[in-house]
Amino acid sequence: MGFGFAVAGGTVTITYLNLVPAGLSWLEFIFLLRTRVECYLFPFGVMLITLALILMKE
């Protein structure tokens, strides 16, 4: 599940990078990512992967 969330969130974030050449500044891009719920899937997925790897060691 973590990998799927990370891929989905990363794909959406990379897709939004297309707005930067269209005239959006980097600061506006960061503010845009903060308002989009689907962009939070990437860090959530990375946290799930990390948690799974930590629990797998034990």
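Fair warning: this is a prediction, and the values are worked out from it, not measured in the lab.

1. As for the packing of aromatic side chains
Centre distance and the angle of the planes are the two values used to describe a pair of aromatic rings. In this structure the tally under the stated criterion is 2 aromatic pairs. Look at Phe-5 and Phe-44: their rings are 5.4 Å apart centre to centre, the planes differ by 45°, and that puts the pair in the tilted class. Highlighted residues: Phe-5 in helix 1 (residues 2-16) and Phe-44 in helix 3 (residues 41-57), separated in sequence by 39 residues. By relative accessible area, which is 25% here, Phe-5 ends up partly exposed. The partly exposed category is assigned to Phe-44, whose relative accessible area is 37%. Ring geometry for Trp-26 and Phe-29: centres 5.9 Å apart, planes at 90°, overall edge-to-face. Here Phe-29 and Trp-26 lie together in helix 2 (residues 26-35), a separation of 3 residues that amounts to about one turn.

2. Focus: the nonpolar core
With 6 residues, the main nonpolar core is built from Tyr-16, Val-20, Phe-29, Leu-32, Leu-33 and Cys-39. Examining the composition of this core, we find that 3 residues originate from one element, helix 2, more than from any other. Ignoring any residue separated from it by four or fewer positions in sequence, one finds Cys-39 in contact with Val-12, Thr-13, Tyr-16 and Leu-33.

3. Looking at helix 2
For an α-helix, 3.6 residues make a turn, and residues three or four places apart therefore share a direction. All of the buried residues in helix 2 are Phe-29, Leu-32 and Leu-33. Along helix 2, the residues classed as buried sweep out an arc of 100° about the axis, all on the same side. Opposite the buried face of helix 2, by more than 90 degrees, sit the exposed residues Leu-27, Arg-34 and Thr-35.

4. Quick look at the confidence of the model for the chain
For the chain, per-residue confidence averages 93 on the pLDDT scale, and 98% of positions sit at 70 or higher. Here helix 2 is the element of the chain with the lowest mean pLDDT, 93, and helix 1 is the one with the highest, 95.

5. Focus: a nonpolar patch on the surface
Where nonpolar side chains cluster on the molecular surface, the patch consists of Phe-3, Val-7, Ile-49, Leu-53 and Met-56 and spans about 520 Å² of accessible area. Looking at the nonpolar patch, the elements with two or more residues in it are helix 1 and helix 3. A per-element tally of the nonpolar patch places helix 3 first, with 3 residues.

Rules used throughout
- Residues numbered from 1 in each chain as written.
- Predicted model: local features only at pLDDT ≥ 70, side-chain atom pairs only at ≥ 80, totals over all residues.
- Heavy atoms only, no water.
- Phe/Tyr/Trp six-rings, centres within 6.5 Å; stacked < 30°, edge-to-face > 60°.
- Helix = DSSP H or I, 4+ residues; strand = E, 2+ residues; numbered from the N terminus.
- Buried < 20%, exposed > 50% of the residue type's maximum accessible area, 1.4 Å probe, protein only.
- Core = buried A, V, L, I, M, F, W, Y, C linked by side-chain atoms within 4.5 Å.
- Contact = heavy atoms within 4.5 Å.
- Arc of directions from axis to C-beta.
- pLDDT = per-residue confidence, 0-100.
- Patch = residues over 30% accessible without salt bridge, like charges linked within 9 Å, V, L, I, M, F, W, Y side chains within 5 Å.
- Areas by Shrake-Rupley, 256 points an atom, 1.4 Å probe, with all protein chains shown as cover.
- Salt bridge = Lys/Arg side-chain N within 4 Å of Asp/Glu carboxyl O.

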